[in-house]
Every structure is written in structure tokens, then in C-alpha cells.
Amino acid sequence: MSKVLDVPLSIEVAKRIKSKATKCFDNAYKAALLMEESVYVQGFLVFASAPCEMVEYGWLELGDRIVDPTFPHLDRHIETLYYFPAQRLTVSQLKATIEESKEDYPEDDPLPVYGEAPYEYYGDVMLGGADYAAAFKDAEAKCREIDFEVNG
């Protein structure tokens, strides 16, 4: 069963954390701190447009719902958005990872989180493990499907 974007909750959370348009990972992190029962997710978001767009992205899952605190800034209809999860972290795992990153690499932004090495290539970038490569391939396939539907 695929998860469904909860638009009202996404908008409410976005307001509560004062989400920023270009900060999906930071928005998801702040929202996760607000919603301790949620799961922080990183992966890819596909926009059904012509041509199809795919971006690395962060959001939350709450049971069978997606909570996207960046959604209000996307200016898209929910039926044009497709989420492809690569990595899930509980809030306690996320907090521990952020703290460790700040200690080990104080000059680097701790988000997004890429898990343990070894990393694999997806696209032109070497970040994330096999889970990222799989999510990237699934998102890429969805883009090809959307582009075929639009262009024939």
C-alpha cells in the first residue's frame, strides 16, 4: 500500500516550523522534532510535468501518510507528485546522527544524511547506499513513464 500525502497536516506543520522553500531536508528535520512519532525519510520526489523533474528530497511518514512540510512551497497538485523513499530514520536515530555529524564534521551541513559507507553511484553523484541507487532507478523509471505519456 502506497502512502498518501496528507495536505492539511503538511500545511499545518509547515506553518508551525516556518518552513522554507528550498530547505526540504531542514524542514523535514524540524518537523520530525515536532512530531516525535513520525519517521524522517530521504529519497526522491518526482514532479509530473513536461519534461518530468526529479529532485533529491526529504519528508516525513506518519503511519500510512506522508507529511511534507515543504509542500506549500511546491505550487503543485498532489496528483502530480510521486515520492520514492531511500532511507528512513526514527526521530531518535535522526537526532543521534545529526549530533554525531556535528561533532565529526562541524564545518559541514549534517543534512541530508547518507548512512554508512560504502556509497554507490546514482546518476552523476556518489551518495547513499544501495537503497539510494534503487530509489533513484525507480524515480527515473517514473519520469520515463511520465515523459512517454506526455510525448507519446
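### Digging into the sheet that holds strand 4 (residues 65-67)
Here's step 1: Taken in spatial order, the five strands line up as 1-4-3-2-5 in an open sheet, and their pairing is mixed. Each edge of the open sheet carries a strand with a single partner, namely strand 1 (4-5) and strand 5 (81-90).
Here's step 2: Looking at chain direction, strand 2 (residues 39-47) and strand 3 (residues 53-62) are connected through nine bridges and run antiparallel. Among the inter-strand pairings, Phe47 is bridged to a residue of strand 3, identified as Glu53.
Here's step 3: Strands in contact with helix 2 (residues 24-34) are strand 2 and strand 3; relative to strand 3, the strand with the most contacts, it is inclined by about 0°.
Here's step 4: Here helix 4 (residues 91-104) sits on the sheet and contacts strand 2 and strand 5; the angle it forms with strand 5, its principal contact strand, is near 75°.

### Considering the pairing of strand 3
Here's step 1: If you look at the hairpin formed by strand 2 and strand 3, you'll find five residues sitting between the two strands.
Here's step 2: When strand 3 meets strand 4, the two strands line up antiparallel, connected through three bridges. When the sheet's bridge partners are listed, Glu61 is paired in strand 4 with Ile66.
Here's step 3: Hairpin geometry of strand 3 and strand 4 is characterised by an intervening segment of two residues between the two adjacent antiparallel strands and by a positive phi of about 65° at Gly63.

### Some thoughts on a negative patch on the surface
Here's step 1: Residues Glu99, Glu100, Glu103 and Asp104 make up a contiguous surface patch of negative charge.
Here's step 2: Assignment of secondary structure puts Glu100 in helix 4.
Here's step 3: Overall, the relative accessible area of 49% leaves Glu100 in the partly exposed class.

### Quick word on the nonpolar core
Here's step 1: Tyr40, Leu60, Leu81, Tyr83, Leu94 and Leu111 are the most contacted members of the largest nonpolar core, which totals 32 residues.
Here's step 2: Elements represented by at least two residues in this core include exactly helix 1 (7-17), helix 2, strand 2, strand 3, strand 4, helix 3 (71-74), strand 5 and helix 4.
Here's step 3: Counting residues per element, this core draws most heavily on helix 2, at six residues.
Here's step 4: Ignoring sequence-local partners within four residues, the contact set of Leu111 consists of Phe25, Asp26, Tyr29, Tyr40, Gln42, Leu94 and Ile98.
Here's step 5: With twelve residues, the next largest nonpolar core counts Val46, Cys52, Phe84 and Ala139 among its residues.

### Observations regarding a positive patch on the surface
Here's step 1: On the surface, Lys18, Lys20, Lys23 and Lys30 cluster together to form a positively charged patch.
Here's step 2: Mapped onto the elements, Lys30 comes out in helix 2.
Here's step 3: On the basis of relative accessibility, which here comes to 39%, the residue Lys30 falls in the partly exposed class.

### Some points on the packing of aromatic side chains
Here's step 1: What the rule picks out here adds up to five aromatic pairs.
Here's step 2: Through successive ring pairs, a cluster of aromatic residues spans Phe44, Tyr132 and Phe136.

### A few points about unusual backbone geometry
Note on backbone geometry: most residues besides glycine have negative phi, and most peptide bonds are trans.
Here's step 1: That bond from Ala50 to Pro51 is cis: its omega, -5°, falls within 30 degrees of zero.
Here's step 2: With an omega of 0°, the peptide bond between Leu111 and Pro112 qualifies as cis.
Here's step 3: Relative to the helices and strands, Pro112 resides in the loop between helix 4 and strand 6 (121-122).
Here's step 4: Look at Asp75: it is not a glycine, yet its phi comes out positive at around 55°.
Here's step 5: Inspection of the secondary structure assignment puts Asp75 in the loop between helix 3 and strand 5.

About the thresholds
- Residues numbered from 1 in each chain as written.
- Predicted model: local features only at pLDDT ≥ 70, side-chain atom pairs only at ≥ 80, totals over all residues.
- Heavy atoms only, no water.
- Pairing = 2+ DSSP bridges.
- Helix = DSSP H or I, 4+ residues; strand = E, 2+ residues; numbered from the N terminus.
- Contact = heavy atoms within 4.5 Å.
- Axes fitted to C-alpha atoms, helices over the stretch in contact; angles between N-to-C directions.
- Patch = residues over 30% accessible without salt bridge, like charges linked within 9 Å, V, L, I, M, F, W, Y side chains within 5 Å.
- Areas by Shrake-Rupley, 256 points an atom, 1.4 Å probe, with all protein chains shown as cover.
- Salt bridge = Lys/Arg side-chain N within 4 Å of Asp/Glu carboxyl O.
- Lys, Arg positive; Asp, Glu negative; His and termini not counted.
- Charge placed at Lys NZ, Arg CZ, Asp CG, Glu CD.
- Buried < 20%, exposed > 50% of the residue type's maximum accessible area, 1.4 Å probe, protein only.
- Core = buried A, V, L, I, M, F, W, Y, C linked by side-chain atoms within 4.5 Å.
- Phe/Tyr/Trp six-rings, centres within 6.5 Å; stacked < 30°, edge-to-face > 60°.

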